[in-house]
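Take a look at the letters that make up each chain.
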Amino acid sequence: MDSDTAKAIARRGIEIMADGDLEEFHEVLHPQFLNHEAKDEPPATRERGPEACFATALWLRDAYADLRWEIHDMVFEGSLVVAHCTMSGRHVRPFVAYDERARVKQVFPPTGRHFATTQTHWMRIADGKVIEHWANRDDLGTAEQLGWVPPSPLYLMRAAIAKRRARRGARDPRGAGARRLRQQPG
């Protein structure tokens, strides 16, 4: 595969995280796609395939509005494409982090703040699709920009309440989203 084609596939693999539908994930990602970063993501993200990556996109889109990645540089070597980029968005709903057993570990209540932090994504291309993904992210920079660290006493209290709600939602087979829909005036 030539460099331009591999970079175009990897670029679209990043772009669909912000705006792609499930069909586009199937077009860009290999059926055996593996995201090595899913270890602190929701249970649905920890499988192989485009559906798992789509679950990651939905998880991010739920917490962050105006989500986007600006790609600065890309390098292709062998079957790997490396992309240096900036992820940005606005924190509008709780962001839930998970532990190694896919249980709710921490919840960050929405702050309404914007963030823009750098990331490096490594993508292996096979059969014309992205088959593996690794990332290095500036999570501390994101946390500082969003006001998660250092936390104020009020934010710590909001985080504890949000975590309790998320854990209850994880035990409910219909999930927190179903409860939100039932609570809406109608």
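Values in this document were obtained by computation on a predicted structure and should not be read as measured data.

Before going further, it helps to spend a moment on the side chain of Glu41. Locating Glu41 in the fold gives a position in the loop between β1 (29-35) and α3 (50-63). Of the buried charged residues, Glu41 lacks a salt bridge, with Arg137 as the closest side chain of opposite charge at 5.3 Å. Within the structure, the side chain of Glu41 is placed 2.6 Å from the side chain of Thr56, a separation counted as a polar contact. Setting aside its immediate chain neighbours within four residues, Glu41 contacts Asn35, Arg46, Thr56, Trp59 and Tyr98.

Here we come to the pairing of β1. Side-chain direction in a regular strand flips from residue to residue, so the side chains alternate between the two faces of the sheet. Among the seven residues in β1, five count as buried, and that is most of the element. Judged from the three bridges that link them, β1 and strand β7 (residues 129-137) form a sheet pairing that is parallel. In the strand pairing of β7, Asn35 is matched with His133.

This brings us to the side chain of His121. For His121, the position within the fold is in strand β6 (residues 114-126). At 2.7 Å, the side chain of His121 forms a polar contact with the side chain of Gln119. At 2.7 Å, the side chain of His121 and the side chain of His133 are in polar contact. Apart from residues lying up to four places away in sequence, His121 is in contact with Ile14, Trp69, Val81, Val82, Ala83, Cys85, His133, Trp134 and Ala135.

Two strands pair when backbone bridges link them, and β6 and β7 are joined in this way by eight bridges, in the antiparallel orientation. Within β7, the position partnered with Gln119 by the bridge is Arg137. A loop of two residues connects β6 with β7, the two strands running antiparallel in sequence, and Asp127 in this loop sits at a positive phi of about 55 degrees.

Right, let's get into the environment of Arg11. For Arg11, the location among the structural elements is in helix α1 (residues 3-19). Along the primary structure Arg11 and Trp69 are separated by 58 residues, whereas in three dimensions their C-alpha atoms are 9.7 Å apart. Leaving out residues up to four positions away in the same chain, Arg11 has contacts with Ile71 and Met74.

What counts as what
- Throughout, a residue's number is its position along its own chain's written sequence, starting from 1.
- Totals for whole chains, interfaces and linings use all residues, but because this is a predicted model, local features are given only for residues with pLDDT of at least 70 and pairs of side-chain atoms are given and counted only at 80 or more.
- Note: side-chain values were computed over all heavy atoms of the structure, leaving out hydrogens and water.
- The helix and strand labels rest on DSSP assignments: H or I over at least four residues marks a helix, E over at least two residues marks a strand, and numbering proceeds from the N terminus.
- With a 1.4 Å probe rolled over the protein chains alone, any residue whose accessible area is under 20% of its type maximum counts as buried; one over 50% counts as exposed, and the rest are partly exposed.
- His is not counted, nor are the chain ends; Lys and Arg add positive charge and Asp and Glu add negative charge.
- A pair is scored as a salt bridge if a Lys or Arg side-chain nitrogen falls within 4 Å of a carboxyl oxygen belonging to Asp or Glu.
- By the criterion applied in these results, polar contacts are pairs of N or O atoms within 3.5 Å in which, for protein atoms, one can donate a hydrogen and the other can accept it, and in which residues neighboring in sequence qualify only through two side-chain atoms.
- Every residue pair with non-hydrogen atoms within 4.5 Å of one another is taken to be in contact.
- A pair of strands is considered paired only if DSSP assigns at least 2 bridges between the two.

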